[in-house]
Amino acid sequence: MEKLADIARDYRQVKNYVYQRYGGIHGLSKIYPGYTVQNEMTQSGLRTRLGLPAVYFYCAIFDALGDIKSQWSYTKARVEKSIRKHPDLTPEERHYLRFIMKQSKCFEAVLSGKSPVVNGNWKEAYENLRALVDAGRLDQYLRRQVRKHLQKMHTDVADGFSVTTKGYRYGDHGIYLSTKENRKRVFIPLTDGNRYERQIHVKIDPAAEKVRLDVPVAVKMKKRVDYCSEVGLALGMIEMFVTDRGSVYGKEYGIHQTALTEYVWTGQVSYRRNRRNNPGRKKYYAKKTRLEAALHTYINAEINRMLETEKPNVIFIPKLPPVPMAGRNRRLNYSAGMWQRGYVRKRLAQKCRERSIELVEVFGKDISNACSGCGALGRKEEGSFICDDCGLRLPEKQNTARNVKRRGKDQKPQNEVRGRRNDSEKFYGRTET
């Protein structure tokens with residue numbers, strides 16, 4: 001156990017070294033895809049000073065890089081939210097800031113205080129944007145926001161480490177793990193006879209003298225022959241899904257969602273009014289958990305029913321916009337904020353992966369206002385879409401779903417594929433031994 005704990009402490013030290021050296025603004029240009037960091041860490045001499053085998057050293061580097069990338073994704077999301085909610089920014093200024101954030105070289109240059117260099121087709125667009133705004137002031141605003149939200153990472157936890165296949169072997173009803181001593185391994189008896197050939201994570205508990213191995217399990221996804229249709233979906237708060245053919249799935253979705261929202265809203269108001277004399281919130285949280293479980297069960301059941309009925313090969317869905325800014329009606333704001341669209345999207349993506357279905361996101365601007373027949377802008381009346389140009393009249397959500405399918409088929413060759421697996425590819429989950 002002491003030998004394993006020694007490896008875990010060195011593993012932590014390597015991660016903290018990477019956090020400190022590459023977790024800031026000046027490390028942004030090196031973390032994608034990460035081989036620059038790997039080469040510099042090799043030349044740093046840290047592995048030699050620690051005496052840590054390569055099977056642990058490079059796992060620690062890429063574990064830390066994954067954490068840094070996640071931190072940058074979080075930071076960009078928070079900066080984007082600040083830009084969206086800033087009341088004094090004009091549309092042109094917001095467009096400029098988002099342009100800088102999406103162009104990685106521009107973003108790195110602005111954060112480093114350098115002049116961005118844009119090449120190719122984006123050069124003219126960048127120059128036109130820069131002429132419309134006070135670029136210096138906006139660049140400074142962007143730097144302030146990044147400094148505000150970006151956090152330097154550090155860990156004090158030394159309870160485990162990852163190891164590649166070269167760092168272990170099976171035998172004698174157990175596993176032999178490499179140690180810091182040359183050509184010497186520590187033996188750990190296992191509770192099962194499973195054997196894997198992939199990177200594993202070793203979790204140690206010195207107090208209980210136990211070791212846990214976390215192993216990603218590979219499951220082959222088979223393509224179902226009878227799943228061959230293409231389906232466009234419109235998502236809603238009352239009816240969960242409406243297809244381009246007019247089929248509705250999740251008719252009671254709004255009922256479950258409203259029950260949860262109203263209960264939480266009422267509970268919050270009551271708690272604020274009677275905070276001094278409130279006996280506790282145990283029953284409140286218990287019922288809230290039951291309502292959430294009922295909603296999630298219904299969502300999963302309706303997604304399964306939709307997939308089994310439509311048998312899609314490809315599903316097109318609109319890319320959902322961010323939650324709108326607060327309006328005057330606080331109750332409606334609360335309902336919109338509690339909309340379980342993220343959970344619906346996550347479960348749909350998961351179930352598509354399990355069935356090897358391609359899930360394609362479609363650009364959603366004005367997708368509900370355009371006519372699915374002629375493309376002209378129409379009007380909505382009492383849940384129906386009416387086009388005055390061609391005379392088309394359809395349920396509003398069905399018209400949206402038809403637009404989703406049409407746009408998806410037009411952009412599909414260039415679109416990023418999400419959720420598809422063929423017979424030779426694998427989906428990874430996690431289990432424990």
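A. Expanded view of the pattern of salt bridges. In total, this model carries 22 salt bridges according to the counting rule given. Between D159 and K203 there is a salt bridge; the shortest N-O distance is 2.6 Å. With D159 in the loop between helix 8 (135-149) and strand 1 (160-163) and K203 in strand 5 (residues 200-205), the pair connects residues that are 44 residues apart, well separated along the chain. Taking relative accessible area as the criterion, K203 reaches 30% and is therefore assigned partly exposed. Note that E302 and R305 form a salt bridge whose closest N and O atoms lie 2.9 Å from each other.

B. Structural view of the pairing of strand 3 (residues 174-178). Counting buried positions over the five residues of strand 3 gives five, a clear majority of the element. Here strand 3 shows a buried face lined by G174, Y176 and S178 and a second buried face lined by I175 and L177. Where strand 2 (residues 168-171) meets strand 3, four bridges bridge the pair, whose relative direction is antiparallel. Residue pairing in the sheet places Y168 in a bridge with L177 of strand 3.

C. Highlighting the pairing of strand 10 (residues 312-318). The element strand 10 is extensively covered by neighbouring structure, given that seven of its seven residues are classed as buried. The pairing of strand 10 with strand 11 (residues 358-362) spans five bridges and is parallel. Across the sheet, F316 pairs through a bridge with V360, a residue of strand 11.

D. Fine view of a positive patch on the surface. On the surface, R78, K81, K85 and K148 cluster together into a patch of positive charge. Of the residues forming the positive patch, the biggest block, three residues, is contributed by helix 4 (residues 54-85). Looking at the element boundaries, R78 is found in helix 4.

E. Region of interest: the state of the cysteines. Within the structure shown, the criterion is met by zero disulfides. Cysteine C371 is unpaired, with the sulfur of C390 as its nearest cysteine sulfur at 3.6 Å. Assessed through its relative accessible area of 1%, C371 is described here as buried.

F. Layout of helix 5 (residues 91-102). Over its 12 residues, helix 5 runs 16 Å from end to end, which matches the ideal 16 Å to within 8%, given 1.5 Å per residue. Taken as a whole, helix 5 has its buried residues at E93, R94, Y96, L97, F99, I100 and M101.

G. Spatial organisation of the packing of helix 5 against helix 7 (residues 122-132). At their nearest, the axes of helix 5 and helix 7 sit 9 Å apart, and the two run at 140° to each other. Here helix 5 is positioned oblique relative to helix 7, judged by the angle of their axes. Between helix 5 and helix 7 lies a crossing whose hand is left-handed. Counting all contacts with helix 5, which are made through E92, H95, Y96, F99 and I100, the residues of helix 7 involved are W122, Y126, L129, R130 and L132. Residues that form the contact of helix 5 with helix 7 fall into these classes: seven nonpolar, one polar and two charged.

H. Structural view of the packing of helix 5 against helix 8. Where helix 5 meets helix 8, the axes come as close as 11 Å, and the angle between the chain directions of the two elements is 60°. Overall, the two elements helix 5 and helix 8 adopt an arrangement that is oblique. Crossing of helix 5 over helix 8 shows right-handed handedness. Seen from helix 5, the contacting residues are E93, Y96, L97, I100 and M101; seen from helix 8, they are A135, R137, L138, D139, Y141 and L142. Tallied by class, the residues present in the contact of helix 5 with helix 8 amount to eight nonpolar, no polar and three charged.

I. The arrangement of the sheet that holds strand 8 (residues 241-243) in detail. If you trace the five strands from one edge of the open sheet to the other, you get 9-8-7-10-11, paired in mixed fashion. Every interior strand has two partners, whereas the edge strands, strand 9 (248-249) and strand 11, have only one.

J. Representation of the environment of T42 in the model. Tracing the chain through its elements places T42 in helix 2 (residues 35-44). Separated by 16 residues in sequence, T42 and Y58 place their C-alpha atoms 9.0 Å apart.

K. View of the sheet that holds strand 13 (residues 384-386). If you walk across this open sheet you meet the three strands as 12-13-14, and the pairing is antiparallel. Both outer strands of the open sheet, strand 12 (379-381) and strand 14 (393-395), are each paired with one neighbouring strand and no more. With direction set aside, neighbouring strand axes in the sheet form an average angle of 30°. Bridge analysis of strand 13 against strand 14 gives three bridges, and the strand direction is antiparallel. By the bridge assignment, I386 is partnered in strand 14 with R393. Across the sheet, helix 13 (residues 396-411) touches strand 12, strand 13 and strand 14, and the angle it forms with strand 14 is around 95°.

L. Up close: the packing of aromatic side chains. For the structure shown, the criterion picks out 11 aromatic pairs. Measuring from centroid to centroid gives 6.4 Å for Y11 and F161, while their planes differ by 50°, and the two rings are tilted. Here Y11 is found in helix 1 (residues 2-22), whereas its partner F161 is found in strand 1, with 150 residues between them in sequence. Classification of Y11 as buried rests on a relative accessible area of 3%. Residue F161 is classed as buried on the basis of its relative accessible area, which comes to 0%.

Cut-offs used in this document
Residues numbered from 1 in each chain as written. Predicted model: local features only at pLDDT ≥ 70, side-chain atom pairs only at ≥ 80, totals over all residues. Heavy atoms only, no water. Salt bridge = Lys/Arg side-chain N within 4 Å of Asp/Glu carboxyl O. Helix = DSSP H or I, 4+ residues; strand = E, 2+ residues; numbered from the N terminus. Buried < 20%, exposed > 50% of the residue type's maximum accessible area, 1.4 Å probe, protein only. Pairing = 2+ DSSP bridges. Patch = residues over 30% accessible without salt bridge, like charges linked within 9 Å, V, L, I, M, F, W, Y side chains within 5 Å. Areas by Shrake-Rupley, 256 points an atom, 1.4 Å probe, with all protein chains shown as cover. Lys, Arg positive; Asp, Glu negative; His and termini not counted. Charge placed at Lys NZ, Arg CZ, Asp CG, Glu CD. Disulfide = S-S within 2.5 Å. Expected span 1.5 Å × (residues − 1). Axes fitted to C-alpha atoms, helices over the stretch in contact; angles between N-to-C directions. Parallel < 35°, antiparallel > 145°, perpendicular 65-115°, else oblique. Left-handed = near helix turned anticlockwise from the far one by under 90°. Contact = heavy atoms within 4.5 Å. Nonpolar A, V, L, I, M, F, W, Y, C, P; charged D, E, K, R; others polar. Phe/Tyr/Trp six-rings, centres within 6.5 Å; stacked < 30°, edge-to-face > 60°.

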